[in-house]
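Take a look at the letters that make up each chain.
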2 protein chains.
Amino acid sequence: MASDSKAVPDQASRRRQIARAALNCFRRSGFHGASMQDICAEAGMSAGALYRYFPSKAAIIVAIAEAERESHALMFQPLEEAADPLAALQELGANFIRQQLDGTSELLTADVLAEAARNPDVKAALERNAAFAHETVTRALLRGQDLGVVDPDLDVAAACHLIIALGDGLCTQLGGPAQLSADRIVQALQTMLQRFCRPVGGRA
Amino acid sequence: MASDSKAVPDQASRRRQIARAALNCFRRSGFHGASMQDICAEAGMSAGALYRYFPSKAAIIVAIAEAERESHALMFQPLEEAADPLAALQELGANFIRQQLDGTSELLTADVLAEAARNPDVKAALERNAAFAHETVTRALLRGQDLGVVDPDLDVAAACHLIIALGDGLCTQLGGPAQLSADRIVQALQTMLQRFCRPVGGRA
DNA sequence: ACCTGAACACCGTTCAAGT
DNA sequence: ACCTGAACACCGTTCAAGT
């Protein structure tokens, strides 16, 4: 709290405005497909003006990735509190897939991953997101072990790695050859998570 | 067989030479990071010459993707013949992960996926690869059901979708926050596949 | 103080001109 | 016949000049 709270658009809301415009453009044409001119037009300002608020195109991606982390935090919330963390993880997976097929999802597209390979700031932002997801899922599985709903011999860290890779893969996937219904994929995912994580003896 | 078999470099070997040079450049700097000038330099020819053999930068990716499909076919071979298709799938997964962590792998990077979102030819090439993988894994699981090593109630198509998404995710992943050993990931993957696919009653 | 938009150094691609 | 490399239309980014 250093200065502001005026009626004129401040730095932060300007940045949000630009990020929102950019997100529209990226969704339409991808990160490299959308030009700065497009983004400027969509945001209703000139190139020079935009560069007052973001030092580069990549910096816009970083801002979007950071916003995405907040929305993930919301999505992951139930994992922390649920009475049955494994059931909550299955539920989360179902929501995730539905959101993915809706196209409602924000933007963890292949484009962004590709940019991360070249730009250290983007890479760092995505790694923060991945670390957050990893930690949250890890905590849920450990708690599941304490509660007896997760196999106590499961290698939780390695399992998380796979589960998150699966999530990433579902994000970037090309529809798939056959057109499977969301329900069938959701069902299969729940079966996979259940069988993979539950204690070896039991059926629940 | 229309014309050739001379000592001078023919069309096909020229194309291979360019594709190899491009692959080196892409590995170094990614698809967008590598300029055509870089590729020309690496291949030892001018821009005009290169464009005699490939109509665009994207066309080079398509050629690489097609070569990758052949190498996948080789990798998937055991699935078709193995006495235990589920065991063969686990083995394939282990090889896949090791190859991934070696950096030995060809190029199903985020870059290429990103390009597919914008270029229909690249997209078509990747879809051919995905369809091939999907069909092969599907056949293996169906055969596993016949042989009694795979749960007869498993939704094979949906399971394949998840397994291939997992493979894609492992390809594009950013190392992961913690540095897990390949062995632990391999072990977890085998557990996951085994528990997911085997008949519900049994242990083998 | 803040914005504009032409200018800069690049990119992928083309094509007149060379050999 | 095949190749060269300057030229073209773009891109992300900058910065003199305006208000």
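Parameters and conventions
Residues numbered from 1 in each chain as written. Chains lettered and ligands numbered in written order. Predicted model: local features only at pLDDT ≥ 70, side-chain atom pairs only at ≥ 80, totals over all residues. Heavy atoms only, no water. Contact = heavy atoms within 4.5 Å. Buried area = accessible area lost by both parts, 1.4 Å probe. Salt bridge = Lys/Arg side-chain N within 4 Å of Asp/Glu carboxyl O. Helix = DSSP H or I, 4+ residues; strand = E, 2+ residues; numbered from the N terminus. Nonpolar A, V, L, I, M, F, W, Y, C, P; charged D, E, K, R; others polar. Disulfide = S-S within 2.5 Å. Buried < 20%, exposed > 50% of the residue type's maximum accessible area, 1.4 Å probe, protein only. Near = heavy atom within 4 Å. Polar contact = N/O pair within 3.5 Å; in protein donor to acceptor, adjacent residues only side chain to side chain. Expected span 1.5 Å × (residues − 1). Bend = angle between axes of the 7 residues up to and from the residue.

A. Structural detail: the interface of chain B and chain A. Taken together, the 46 residues of chain B in the interface contact 46 residues of chain A. For the pair chain B and chain A, the summed buried area comes to about 4000 Å², and 70% of that belongs to carbon and sulfur atoms. Where Asp151(B) meets Arg195(A), a salt bridge forms, and the shortest distance between an N and an O atom there is 2.9 Å. Looking at which element gives the most residues to the side of chain B that touches chain A, the answer is helix α8 (residues 156-172) of chain B, with 12 residues. Taken together, the residues that form the side of chain B that touches chain A break down as 26 nonpolar, 12 polar and 8 charged.

B. Up close: the state of the cysteines. Evaluated as defined, the whole model comprises 0 disulfides over all chains. Cys171(A) takes part in no disulfide bond, and the closest cysteine sulfur, belonging to Cys171(B), lies 15 Å away. There is no disulfide at Cys25(B), and the cysteine sulfur nearest it, in Cys40(B), is 9.2 Å away. Its relative accessible area of 1% is what places Cys25(B) among the buried residues.

C. Summary view of the protein's contact with DNA strand C. Not every one of the 14 residues close to DNA strand C is listed here, only the nearest: Arg14(A), Ser46(A), Met36(B), Tyr51(B) and Lys57(B). Backbone sugar and phosphate groups make up 67% of those atoms of DNA strand C lying within 4 Å of the protein. Ser46(A) is positioned with one of its side-chain polar atoms (N or O) 2.5 Å from a phosphate oxygen of DNA strand C. At 2.7 Å from a phosphate oxygen of DNA strand C is found a main-chain nitrogen or oxygen belonging to Met36(B). Elements supplying a minimum of two residues to the surface near DNA strand C: α3 (47-53) of chain A together with α3 (47-53) of chain B. Of all the elements, α3(A) adds the most residues to the surface near DNA strand C, at 4 residues. A breakdown of the residues in the surface near DNA strand C according to their chemical character gives 6 nonpolar, 5 polar and 3 charged.

D. Layout of helix α1 (residues 11-33) of chain B. In this model α1(B) runs just 27 Å from its N-terminal to its C-terminal C-alpha over 23 residues, more than 12% under the 33 Å that 1.5 Å per residue would give. Along α1(B), the sharpest change in direction is near 90° and occurs at Arg27(B). Within the span of α1(B), buried status applies to Ile18(B), Ala19(B), Ala21(B), Ala22(B), Leu23(B), Cys25(B), Phe26(B), Gly30(B) and Phe31(B). Residues of α1(B) that are buried make contact with α6 (110-118) of chain A together with α2 (36-43), α3, α4 (57-81) and α6 (110-118) of chain B.

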